[in-house]
Amino acid sequence: MDKILEAVVMSSYPNNVKQGLVRRVIEAAKQPMDSEQCWSMLELSTKLYLTGDTKYKREIGKEVLEVYGHYHPEEFEEFFNVRFLLSLLQEGYGPLGKRSHYVLDYIQLGLQFVLESPSANSIFNLLRIEVLRKVCERPSPKQCAKISKLLTQHPQCIPTGKHQILFCQQLIRCIGQFQCISEGEEDIMEFLEQVNKVSGLLQRIWRTQTSAILPSLKELFTIISSTEEQEAPSNALASVVQFVPLELMDGVIRNLTNDDSITDVQMMTAISRMIDWVSWPLGKNIDKWIIALLKGLAAVKKFSILIEVTLSKIEKVFSKLLYPIVREGALSVLQYMLLSFQHSHEAFHLLLPHIPRLVASLKKEDSNSATSSLEQMAELIHCMFFRFSGFPDLYEPVLEAVKALPIPNEDRIKHLLGQNAWTSQKNELACFYPRLASKSETGKIGLINLGNTCYMNSIIQSLFMASDFRHSVLNLTEGNSQPLMTKLQWLFAFLEHSQRPAISPESFLSASWPPWFTPGAQQDCSEYLKYLLDRLHEEEKTGKRIYQKLKESSLMSQAIEQHYLNKTLIEKMFGGKMMTKIRCLKCLNVSSREEAFTDLSLAFPPPDRHVLSTGSTSVLPVEEIGPQFIEPPGNPSQIMGSPRIQRKPHESGDHAAHLVPVETLGFREPGDQATPLSSDAVGMDSAKDPLLAFGEQTCGPKDSRSVPDLINYFLSPERLTAENKYHCEKCASLQDAEKVSELTEGPHYLILTLLRFSFDPRTMKRKKILDNVSIPLVLKLPVLITPEESEDVCQHRKDRAAPGSSFVSVMYDLCSVVVHSGISSESGHYYCYSRECSDTITHGQPRDGVQKPASDKQLDFEIQWYLFNDTRVSFSSFESVSNVTSFFPKDTAYVLFYRQRPGRQSCPVHEAGAEASRLHGEPSLNKDLMEAISKDNILYLQEQEKEARNRAAYISALPKSPLWWRDFDRDKDDDSSSGGCSPAAGGGGSGSFHGLVF
């Protein structure tokens, strides 16, 4: 019969014919037959099953074996003996080089027919030993899955005792070497099923023998923490962790994090590989184990590991949010990593470029998973905004992307940040592991925050960007007797020429520190600026004059030169003069006093006071030209029901350059009518409602104020009555009087401080005023001039005052804005926007002899703005300056720097200084300073090389992702691939296996 069956199978008949003939042979096999015939049929069926080259032949072999197992059990038991099975398992079946891959399937098939036989125990004992030997040989995933299937169906074959623990450990070793070579979806699904079968066997063993769990986990940690293996273990190990009971988690994590035999490198390697497991699609509770280990490391204060792992892995975890199949676990890990990384904004800022694309992809996916993830992401982002405020240029695109999503309240944000903070991080993170940094692409250099010193950093950068002042400081001669100015010169020189991305202003801070400032506490940047300028001024007054360049120049007359050399550098650059007049309203006697100033502190008018008083005599009005920006009111909800103002369109050209007159008030005779100055001096009808003109360019509320409004209020008359009565010398008694201030000399750099911090007597605390303030790019300031100067101006200026007028407009260009982010002067953050305003006149003399200032268009678009935020420096624009508060209501302009345009004939000192700066160009530094900078640049390069070597040695064991599936293992940055963050990814549906990154 075996000959007949073999002939039928090997024949060339059609399969349906063969099938009929085989059926007859199988039916005949159910009849009694002799032992020899049975053996022949069993040998033939075994051969067909193990070595058949087609599925059809193997199916025939299987059917014959099953028939003989049922109908001829004695012969089958005799044939299926221990010696035969041992030969199959150790030597295989078939010719050398072509051993059968179906031995385990064959044994599993035959075992069901010998379970009740006397030889069953012997077979079980043999299989317990042989399956252990097999897994020690590191079989393929397919063979491992067959072993697992065999042992799951026949648990009697599972090794026992110590061999069982060893078997579990070796099985984990096998899983660590699993690789999926094919990229086909069917092959990937088959691979995932094989891994699931193997890990399922471990689960079965652990359920019955819990003593095997901890040794198995120890072996797992040994594998993932190994720094010797060239190839990283497979992510399939994630399938093992999901079956570990969660009640063991605390003990396991505690033992791991307190084990002194585990080095930092091993721990970093292990947690890095565990974080890679978030991409495993079949894992459960993997995120819980990862977070538990991160918390455990924080508890034992191993912050260097946490910092390095977070910064190296957070972007990869973030990329997994594209794929619904792993999104939940990845989002949990991402949330903890971000919420716990509270000592620095570095981790959050790594994700900023990717967030808008992810949000767009999740919105496009339009699923429950995507909607839930978007809401959680929005909550997480607002937590980071709260924790790391003061980066408007980076946050604007992100805020725009999530603007339609819910915003958590402040209590919720504080709760999330509080419960996830690393233990004692303030004490432990003072010297966290340094990272390699590169200089900003802007070419500018940042300043290191030395502990709430952003107020100083912002002021220094603003002064540095005042190019005329910077050139003067850098041109200081050697051997001067001004130690603080010398330190400023060194600081400016390093900001100009250092190769470092950021430098430490520690030396200058210690020299310029106001004695009443509390170390480590946030301070008022305006207060620091006043103290610094006063110190520099007084130091120069008591020492020798340091600015000798202009003295040697022939640009000035002897009289002007003598007048100029009597001034200090601070007076030349920032000094202005103001005339204060007080008129007795009884005798009309006027007393006046001229005072010098370096900045104007502008208070906010009372809410019930309108700036424009129609019953006053107008002098030359303050004017604002070009685009402005609006800051939101103290109560943002008043604007369109939204917590932020909508971005206004950026206007340019002639349409944007409306002149907005804001009247500066002068003395008014009793009973006089308001007689405005000639409109020629104003540039437009002064009777026009400025709020209407202002409204054409802004989207703010009608009661929004502007910088000219505040200057107007500052210069407006003040009645001295009641307790404030004035003692008139002529009347020799207290009388009602009127006080007014007039600018008599405009500074080269005009510094305006908006007095936003006021004392609230109800709460006994200082509060911040968040009123709207429009900041003009170009400002016209009224300056009182003498009759002689007035005649000179009339001869040389087309835009001149009317005959007999005593005021002239001086043009100022905005060059720096210091922004305070926060609601209190004792807290928050300072950063600044700056640009280098320089003269754009040609070196040749114009035909009419009058220098022409740059056009508004040049000022608006040709001069680059920068954002200085401690160590970080980035490109910016006036549009960003204009809209900073639209998105961030707590970020308000505080200190403004304006530079006077050239061409004002009444102040030749400023023109001479500016011309000298242009002729001298970039200043050349003294030899000692240049040598110091060169040495520091060399030292920096050496530090970078040493840091790179140390870092490479420290984290050399950090692996690349496992290569069991090429598409799974590498993140694809190409937008054309489905694995990218582009909308083409479509959210990576549950079937998008080719785009999933493991």
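Along every chain, residues carry numbers that run from 1 in the direction the sequence is written. Totals for whole chains, interfaces and linings use every residue, but because this is a predicted model, local features are given only for residues with pLDDT of at least 70 and side-chain atom pairs only at 80 or more, for both listing and counting. Side-chain calculation: all heavy atoms of the structure are included, whereas hydrogens and water are not.

Under the annotation held in an unreviewed UniProt entry, the protein chain carries the name Ubiquitin carboxyl-terminal hydrolase and is attributed to Apteryx mantelli. UniProt positions are given in the numbering used here, feature names are shortened, and annotations may be inferred rather than shown by experiment. Quoted verbatim from the Catalytic activity (unreviewed entry) field of the UniProt record, the comment on the protein chain reads "Thiol-dependent hydrolysis of ester, thioester, amide, peptide and isopeptide bonds formed by the C-terminal Gly of ubiquitin (a 76-residue protein attached to proteins as an intracellular targeting signal)."

Q: Sorry if this is basic, but what is going on with the overall build of the protein chain here?
A: Going along the chain from the N terminus, every DSSP run of H or I of four or more residues is numbered as a helix, and every run of E of two or more is numbered as a strand. When you go through the protein chain residue by residue, the secondary structure sums to 42 helices and 21 strands. Sorting the 998 residues of the protein chain into buried and exposed places 54% on the buried side. Contact definition: two residues touch when any of their heavy atoms are within 4.5 Å. Taking the intrachain contacts of the protein chain between residues at least 6 apart in sequence as the baseline, contacts between residues at least 24 apart amount to 79%. Areas reported here follow the Shrake-Rupley algorithm with a probe of radius 1.4 Å; residue values treat only the protein chains shown as occluding. Working note: accessible area of the protein chain is about 44,200 Å², and carbon and sulfur atoms make up 51% of it. The classification of residues rests on relative accessible area computed with a 1.4 Å probe and restricted to protein chains. Under 20% of the type maximum is buried, over 50% is exposed, and intermediate values are partly exposed.

Q: Where do I start with the side chain of lysine 57 in this structure?
A: Residue position: lysine 57 is located in helix H4 (residues 55-71). A polar side-chain atom of lysine 57 sits 2.9 Å from a polar atom in the side chain of aspartate 53. Setting aside residues up to four positions removed in sequence, lysine 57 forms contacts with Val9, Met10, Leu48 and Gly52. By the criterion applied in these results, polar contacts are pairs of N or O atoms within 3.5 Å in which, for protein atoms, one can donate a hydrogen and the other can accept it, and in which residues neighboring in sequence qualify only through two side-chain atoms.

Q: How should I be thinking about the sheet that holds strand E3 (residues 576-584) in this particular structure?
A: In sheet architecture, strand pairing relies on hydrogen bonds along the backbone and comes in two forms, parallel and antiparallel. The antiparallel open sheet is built from 4 strands, whose spatial order is E4-E3-E12-E9. Edge positions in the sheet fall to strand E4 (590-597) and strand E9 (718-720), since each has one partner strand and no second. Sheet twist, expressed as the mean angle between neighbouring strand axes with direction ignored, is 30 degrees. When DSSP finds two or more bridges between two strands, those strands count as paired. Bridging between E9 and strand E12 (residues 737-745) involves 3 bridges; their strand directions are antiparallel. Bridged to leucine 720 within E12 is alanine 737. Throughout, an axis means a line fitted to C-alpha atoms (over the contacting stretch in the case of helices), and angles, computed between N-to-C directions, take values from 0 to 180 degrees.

Q: Sorry, what's going on with the pairing of strand E15 (residues 765-768) here?
A: Moving residue by residue along a regular strand, the side chains alternate between the two faces of the sheet. Bridge count between strand E14 (residues 757-760) and E15: 4 bridges; the pairing is antiparallel. What sits directly across from serine 758, in E15, is lysine 767. Where E14 folds back onto E15 in an antiparallel hairpin, the turn is made up of 4 residues, including methionine 764, whose phi is positive at roughly 60 degrees.

Q: Whenever I open this one, the confidence of the model for the protein chain confuses me. Can you help?
A: Fine structural detail should not be taken from predicted coordinates in areas where pLDDT scores are low. Note on scores: pLDDT gives the predictor's confidence for each residue, bounded by 0 and 100. For the protein chain, the mean per-residue pLDDT works out to 76, and 74% of the residues sit at or above 70. Taking the mean pLDDT of every element in the protein chain, the minimum, 29, falls on helix H35 (residues 690-695) and the maximum, 95, on helix H25 (residues 454-465). Counting contacts from residues 611-619, a segment whose pLDDT is below 50, to residues more than four positions away or on other chains yields 34 contacts. Low pLDDT (under 50) marks residues 955-998, which in the prediction has 118 contacts with non-local residues, meaning those over four places away or in another chain.

Q: I would appreciate a short explanation of unusual backbone geometry in the present structure.
A: Negative phi is the rule for most residues except glycine; trans is the rule for most peptide bonds. Positioned with a positive phi, aspartate 366 is a non-glycine residue whose angle comes to about 55 degrees. Its location among the elements puts aspartate 366 in the loop between helix H20 (355-365) and helix H21 (368-387). Despite not being glycine, alanine 722 has its phi angle at roughly 50 degrees, a positive value. Residue placement: alanine 722 occurs in the loop between E9 and strand E10 (726-728). On the basis of relative accessibility, which here comes to 60%, the residue alanine 722 falls in the exposed class.

Q: What's the story with the packing of aromatic side chains in this structure? I'm lost.
A: For any pair of aromatic rings, the description consists of the separation of the ring centres together with the inter-plane angle of the planes. We call Phe, Tyr and Trp rings a pair once their centres come within 6.5 Å, taking the six-membered ring for Trp, and we label the pair stacked below 30 degrees between planes, edge-to-face above 60, and tilted otherwise. Throughout the structure, instances matching the rule amount to 31 aromatic pairs. Here the aromatic rings of tyrosine 455 and phenylalanine 517 are separated by 5.8 Å at their centres, their planes lie at 75 degrees, and the arrangement is edge-to-face. Of this pair, tyrosine 455 sits in helix H25 while phenylalanine 517 sits in the loop between helix H28 (506-512) and helix H29 (525-542); the two residues are 62 residues apart in sequence, bridging distant segments of the chain. Residue tyrosine 455 shares its accessibility class with phenylalanine 517, and that shared class is buried. Ring centres 5.9 Å apart and planes at 90 degrees place the aromatic pair tryptophan 516 and phenylalanine 517 in the edge-to-face group. Each residue in the set Trp39, Tyr49, Phe76, Phe79, Phe80, Phe84, Tyr106 and Phe113 is aromatic and connected to the rest through ring pairs, giving one cluster. Our definition puts a charge over a ring when NZ of Lys or CZ of Arg is within 6 Å of the ring centre and also within 35 degrees of the ring normal. The ring of tyrosine 866 is capped by lysine 444, whose NZ or CZ atom sits 5.1 Å from the centre of that ring. In this structure, arginine 470 is placed above the aromatic ring of phenylalanine 464, and the distance from its NZ or CZ to the ring centre is 4.8 Å.

Q: What is the right way to read the packing of helix H10 (residues 162-176) against helix H11 (residues 185-208) from this model?
A: The relative placement of two packed helices is expressed as an angle between their axes plus a distance between the axes. As a packed pair, H10 and H11 sit with axes 10 Å apart at the nearest point and diverge in direction by 155 degrees. The orientation of H10 relative to H11 falls into the category roughly antiparallel. When the axes of H10 and H11 are compared, the crossing they make is left-handed. Residues Gln164, Phe167, Cys168, Leu171, Ile172 and Ile175 of H10 form the contact with H11, whose participating residues are Val198, Leu201, Leu202, Ile205 and Trp206. Residues are grouped as follows: nonpolar covers Ala, Val, Leu, Ile, Met, Phe, Trp, Tyr, Cys and Pro; charged covers Asp, Glu, Lys and Arg; every other residue, Gly included, is treated as polar. Partitioned by chemical class, the residues of the contact of H10 with H11 number 10 nonpolar, 1 polar and no charged. The cut-offs work like this: below 35 degrees is roughly parallel, past 145 is roughly antiparallel, 65 to 115 is roughly perpendicular, and the gaps in between are oblique. Handedness of a crossing follows from how the near helix is turned relative to the far one, being left-handed for an anticlockwise turn of less than a right angle and right-handed for a clockwise one.

Q: Looking at this structure, how should I read the environment of glycine 20?
A: Assignment of secondary structure puts glycine 20 in helix H2 (residues 15-29). Sequence separation between glycine 20 and valine 8 is 12 residues, and the spatial gap between their C-alpha atoms is 10.0 Å.

Q: Please clarify how the nonpolar core should be interpreted in this entry.
A: Soluble, globular proteins show a tendency: their nonpolar side chains are buried together. To define a nonpolar core, start from buried Ala, Val, Leu, Ile, Met, Phe, Trp, Tyr and Cys residues and group those joined through side-chain atoms within 4.5 Å. Grouped together as the largest cluster of nonpolar side chains are 156 residues, with contacts concentrated most on Leu111 and Leu334. Excluding residues within four positions of it along the chain, leucine 111 makes contact with Phe80, Ile123, Phe124, Leu127, Leu150, His154 and Cys157. Listed in part, the 54 residues of the second largest apolar core include Met456, Phe517, Leu569 and Phe897.

Q: So what exactly am I meant to see when it comes to the pattern of salt bridges here?
A: Side chains that differ in sign of charge can pair as their charged atoms come close. Salt bridge, as used here, is a side-chain nitrogen of Lys or Arg placed within 4 Å of a carboxyl oxygen of Asp or Glu. Scanning the entire structure with this criterion turns up 25 salt bridges. The residue aspartate 276 makes a salt bridge to lysine 313 at a minimum N-O spacing of 3.1 Å. You can see aspartate 276 sitting in helix H15 (residues 264-276) and its partner lysine 313 sitting in helix H17 (residues 303-319), a full 37 residues away along the chain. Residue aspartate 276 shares its accessibility class with lysine 313, and that shared class is buried.

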